[in-house]
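# Inside the fold
The lines below spell out each chain.
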Amino acid sequence: MDISDTTSPDRAGRRADLVLEGGGVKGVALAGAVLGLAEAGYRFPRVAGTSAGAIVGSVLAALERRGEPAARLGEIARTLDYRRFRDRGLPGSLLGPFGFLTDGLSVLLEGGAYEGDYLVDWLSGVLGDLGVETFGDLRTDDPGDDGALHHRYGLVVMVSDLSRRRLAQLPWDYQEYGLDPDEQRVVDAVRASASIPYFFEPVELRGRRGTSTLVDGGLLSNYPISAFDRLDEARPRWPTLGVRLDALGIDEARPPRPVKGPVRTGIALVETAIEACQAEHVLDPCNVARSVYVDTAGVSAIDFDLDATEQEVLLEAGHAAAQGFLDSWDFEAWSIDCR
């Protein structure tokens, strides 16, 4: 992908690197926000995402590579059947509606209640149709970047490496595993990033230096808003914008909800840790100013029974939030105050 043409201020003004927060099924709203930004003329040279953000981000990056309109993202998102995310292995798959009886055993023995195969199959098909298989297909050509690796790919996916107890930013960090970034499959990184602990089985990454266990990147970086910030002293040529799946300041008004069952308790533990770890970073005024906040109150990250109407509501919420953000967004003012 050649993204070197920045001679026109108008062209540069229609570009934005994009960061998409994780949030399970609420990720439908991310697609809506992208559509709102795209309708305003934005294109996205680079995309970063965690979990649901990685799913949406990978499709968006593939569309960008093909030069196809981001409007297709909504059409593609509607083909995702969230009910099929709960793909139990044996013997749970043989028990039909009583398969939940084996979930605790699957968590105990395999680290997650569900296999995650449906996500892999669906995303492999979508990316394959767009001509993307490996990260090598998403390399960028941008002579005006800061010379660092983080500007050389159209997609970066956040993953938590439990074995090394650190964040893995893929494809940037594949070399640390003794692997060639260009040869690694995009869908494998996304599957790892979406491995909600206790819900999906973890992913194993086998490198020349051993095997690492990978889970949801949200544990360590659910909203990597600074992923593409320049590392040199040059002024950014275009902004990095982010999309968050909550409304700023709304949590205080929400009544507490009981958490019951081993899987939901485990997920609640993870979500609590995520919010506590990222609160200071994401609430920095400069990061708040470049973030689209989508109110997804009332929707659980693991509510995989969402019907078509509820998905459309989330899409529209994201779309409206992006439009509202753009009404007051001023990149020039932001770059002066926050550079």
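Heads up: these notes are all about the structure in this document. Source: prediction; values computed, not measured. The residue numbers shown here count from 1 along each chain, following its written sequence. The predicted nature of this model means local features are confined to residues of pLDDT at least 70 and side-chain atom pairs, given and counted, to a pLDDT of 80 or more, with totals for whole chains, interfaces and linings taken over all residues. Side-chain metrics rest on all non-hydrogen atoms present in the structure, leaving aside hydrogens and water.

### Some thoughts on the nonpolar core
Test applied: Take the buried residues of types Ala, Val, Leu, Ile, Met, Phe, Trp, Tyr and Cys, join any two whose side-chain atoms come within 4.5 Å, and each joined set is a nonpolar core. For every residue, the accessible area (1.4 Å probe, protein chains only) is compared with the maximum for its type, and the residue is labelled buried under 20%, exposed over 50%, or partly exposed between those bounds. Any two residues having at least one pair of non-hydrogen atoms within 4.5 Å are treated as being in contact.
Core analysis: the largest hydrophobic core is formed by 92 residues, its most contacted members being Leu18 and Trp122. When near neighbours in sequence (up to four residues on either side) are disregarded, leucine 18 contacts Val34, Leu37, Phe44, Arg46, Val47, Ala48, Leu60, Phe228, Leu241 and Val243.

### Quick look at the pairing of strand E8 (residues 210–216)
This is how it is decided: We call two strands paired when DSSP finds no fewer than two bridges between them. Labels follow the DSSP assignment, with helices taken as runs of H or I lasting at least four residues and strands as runs of E lasting at least two, numbered in each case from the N terminus.
Sheet topology places strand E4 (residues 155–161) next to E8; three bridges connect them, and they run antiparallel. Directly across from serine 160, in E8, lies its bridge partner valine 215. Between strand E7 (residues 203–207) and E8, which pair antiparallel in sequence order, lie two residues.

### A short note on the pattern of salt bridges
Using the following cut-off: Salt bridge, as used here, is a side-chain nitrogen of Lys or Arg placed within 4 Å of a carboxyl oxygen of Asp or Glu.
All told, the structure shown has 21 salt bridges when counted by the stated rule. Between glutamate 21 and arginine 244 there is a salt bridge, with its nearest N and O atoms 2.9 Å apart. Residue glutamate 21 is found in the loop between strand E1 (17–20) and helix H2 (28–39), and its partner arginine 244 is found in strand E9 (residues 240–244); the two are separated by 223 residues along the sequence. Each member of the pair, glutamate 21 as well as arginine 244, carries the same accessibility label: buried.

### Digging into the environment of glycine 116
Tracing the backbone through its elements, the reader meets glycine 116 in the loop between strand E3 (112–114) and helix H6 (117–129). C-alpha of glycine 116 to C-alpha of arginine 86: the two residues are 30 residues apart in sequence and 7.7 Å apart in space. Glycine 116 has contacts with Asp87, Arg191 and Phe200, leaving out every residue within four places of it along the chain.

### What to know about the packing of helix H3 (residues 52–66) against helix H7 (residues 186–193)
The line we're drawing: Between N-to-C directions, angles span 0 to 180 degrees; the directions come from axes that are lines fitted to C-alpha atoms, helices contributing only their stretch in contact. Comment on the angle field: the value is read as roughly parallel under 35 degrees, roughly antiparallel over 145, roughly perpendicular from 65 to 115, and oblique elsewhere. Left-handed describes a crossing in which the near helix is turned anticlockwise from the far one by less than a right angle; the clockwise case is right-handed.
At a minimum axis separation of 8 Å, H3 and H7 run at an interaxial angle of 160°. Considered as vectors, H3 and H7 are oriented roughly antiparallel to each other. The handedness of the crossing between H3 and H7 comes out as left-handed. Only Val186, Val190 and Ser193 of H7 make contact with H3, whose side of the interface consists of Ala54, Ile55 and Ser58.

### Description of the packing of aromatic side chains
Where we set the bar: Any two of the Phe, Tyr and Trp rings considered here, Trp counted by its six-membered ring, make a pair once their centres fall within 6.5 Å; the pair's planes then place it as stacked at under 30 degrees, edge-to-face at over 60, or tilted in between. Definition used: whenever NZ (Lys) or CZ (Arg) falls within 6 Å of the ring centre and also within 35 degrees of the ring normal, the charge is taken to sit over that ring.
All chains considered together, the criterion is met by 13 aromatic pairs. On the numbers, 5.5 Å between centres and 20° between planes, the contact of tyrosine 82 with phenylalanine 85 is stacked. Among the residues examined, phenylalanine 85 registers a relative accessible area of 4% and is labelled buried. Taking 6.3 Å as the distance between ring centres and 80° as the angle between the ring planes, the aromatic pair formed by tryptophan 172 and phenylalanine 228 counts as edge-to-face. With tryptophan 172 in the loop between strand E5 (166–170) and H7 and phenylalanine 228 in the loop between helix H8 (218–221) and E9, this residue pair connects regions lying 56 residues apart in the sequence. We classify tryptophan 172 as buried; its relative accessible area is 11%. Ring-pair connections join several aromatic residues into one group, and the members of that group are Tyr82, Phe85, Tyr114, Tyr118, Phe199, Phe200 and Phe304. Its end group placed over the ring of tyrosine 177, arginine 164 keeps NZ or CZ at 4.7 Å from the ring centre. One cation-aromatic arrangement involves arginine 244 over tyrosine 223; the distance from NZ or CZ to the ring centre is 5.5 Å.

By themselves these figures say nothing about function.
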